[in-house]
Amino acid sequence: MEACRASSSLSLYLLFSFSFAFFMAALGLSDDTDVISSTCNHTLYFDVCMSTLTSRPSSRRADVHALAAISLDVGITHAKATISYARSLSKQKGFAGGTYASGCIADCLEEYKEAVQSLHDSTGALRRGSYDTVNALVSGAMTNSDACESAFGEKPGLQSPLTERNDYFFKLCSNSLAITNLLG
């Protein structure tokens, strides 16, 4: 009787284990997220890393090199969206022609254009395995967003309308640096 119960328990356990593994694989929650999670554990902004990488379907079967490329692409996408947002701001009252704030917005547009170019160049460097170049270019892009933010701080009482975007871009770039550093 004891042997029958043990055999029955083992059968139930195996059935549950296989069912659970099948269910997880069907949801795409197998080892793929483990690679992303273990990669993101090396970043300063784990939650940002997880949300950005898992939002891209191509990350599901990606290795660390591909995750680095995805993280750079996310940064490019965010920078381009910030350019669009800054352009729309430049047409609003208070940011239109000739004001100090309009000059800051114009500076931010230039800074983010340079950041996009740096991140595009960094994707080429990543493909070539030139990780030091990637790090230099991504660090430069971070400096561009810092310069954008700093421009507003030079005039007392003027608040940057891009603070959240600049902070998020900084985090994206920081994560890209951390992921790239895992490669070499």
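Okay, so let's go over this structure. Only a predicted model underlies this, so the values are computations on that prediction, with no experimental measurement involved. (Residues numbered from 1 in each chain as written. Predicted model: local features only at pLDDT ≥ 70, side-chain atom pairs only at ≥ 80, totals over all residues. Heavy atoms only, no water.)

**Considering the overall build of the protein**
The secondary structure content of the protein amounts to seven helices and zero strands. Secondary structure elements of the protein, listed N to C terminal, follow the sequence α-α-α-α-α-α-α. By element, 58% of the accessible surface of the protein is carried by carbon and sulfur atoms, the whole surface being about 10300 Å². (Helix = DSSP H or I, 4+ residues; strand = E, 2+ residues; numbered from the N terminus. Areas by Shrake-Rupley, 256 points an atom, 1.4 Å probe, with all protein chains shown as cover.)

**Things to note about the pattern of salt bridges**
Under the criterion given, the structure shown has two salt bridges. E110 is paired through a salt bridge with K113; the nearest N and O atoms lie 3.5 Å apart. Taken as a pair, E110 and K113 lie in helix 5 (residues 100-128) at a separation of three residues, close to a single helical turn. Relative accessible area serves as the criterion here: at 43%, E110 is assigned to the partly exposed category. (Salt bridge = Lys/Arg side-chain N within 4 Å of Asp/Glu carboxyl O. Buried < 20%, exposed > 50% of the residue type's maximum accessible area, 1.4 Å probe, protein only.)

**Describing the side chain of T52**
Structurally, T52 can be placed in helix 3 (residues 46-54). Classification of T52 by relative accessible area gives buried; the value is 10%. Polar contacts involving the side chain of T52 include one to the main-chain carbonyl oxygen of C49, which spans 3.2 Å. Once you skip the residues sitting within four places of it in the chain, T52 turns out to touch V74, Y168 and L172. (Polar contact = N/O pair within 3.5 Å; in protein donor to acceptor, adjacent residues only side chain to side chain. Contact = heavy atoms within 4.5 Å.)

**Things to note about the packing of aromatic side chains**
Counting across every chain of the model gives one aromatic pair. Judged by centre distance (5.3 Å) and plane angle (65°), the rings of Y112 and F169 are edge-to-face. Here the residue Y112 occupies a position in helix 5, and F169 occupies one in helix 7 (residues 163-181), the gap between them amounting to 57 residues. The positively charged end of R165 is found above the aromatic ring belonging to Y85, 4.5 Å away from the centroid. (Phe/Tyr/Trp six-rings, centres within 6.5 Å; stacked < 30°, edge-to-face > 60°. Lys NZ or Arg CZ within 6 Å of the ring centre and 35° of its normal.)

**Describing helix 6 (residues 131-153)**
For an α-helix, the turn length of 3.6 residues means that residues three or four places apart are oriented alike. For helix 6, spanning 23 residues, the distance from its first C-alpha to its last is 33 Å, which sits close to the expected 33 Å at 1.5 Å a residue. Along helix 6, the residues classified as buried are Y131, V134, N135, V138, A141, M142, N144, S145, C148, A151 and F152. Among the structural elements, helix 4 (64-90), helix 5 and helix 7 are those in contact with the buried residues of helix 6. (Expected span 1.5 Å × (residues − 1).)

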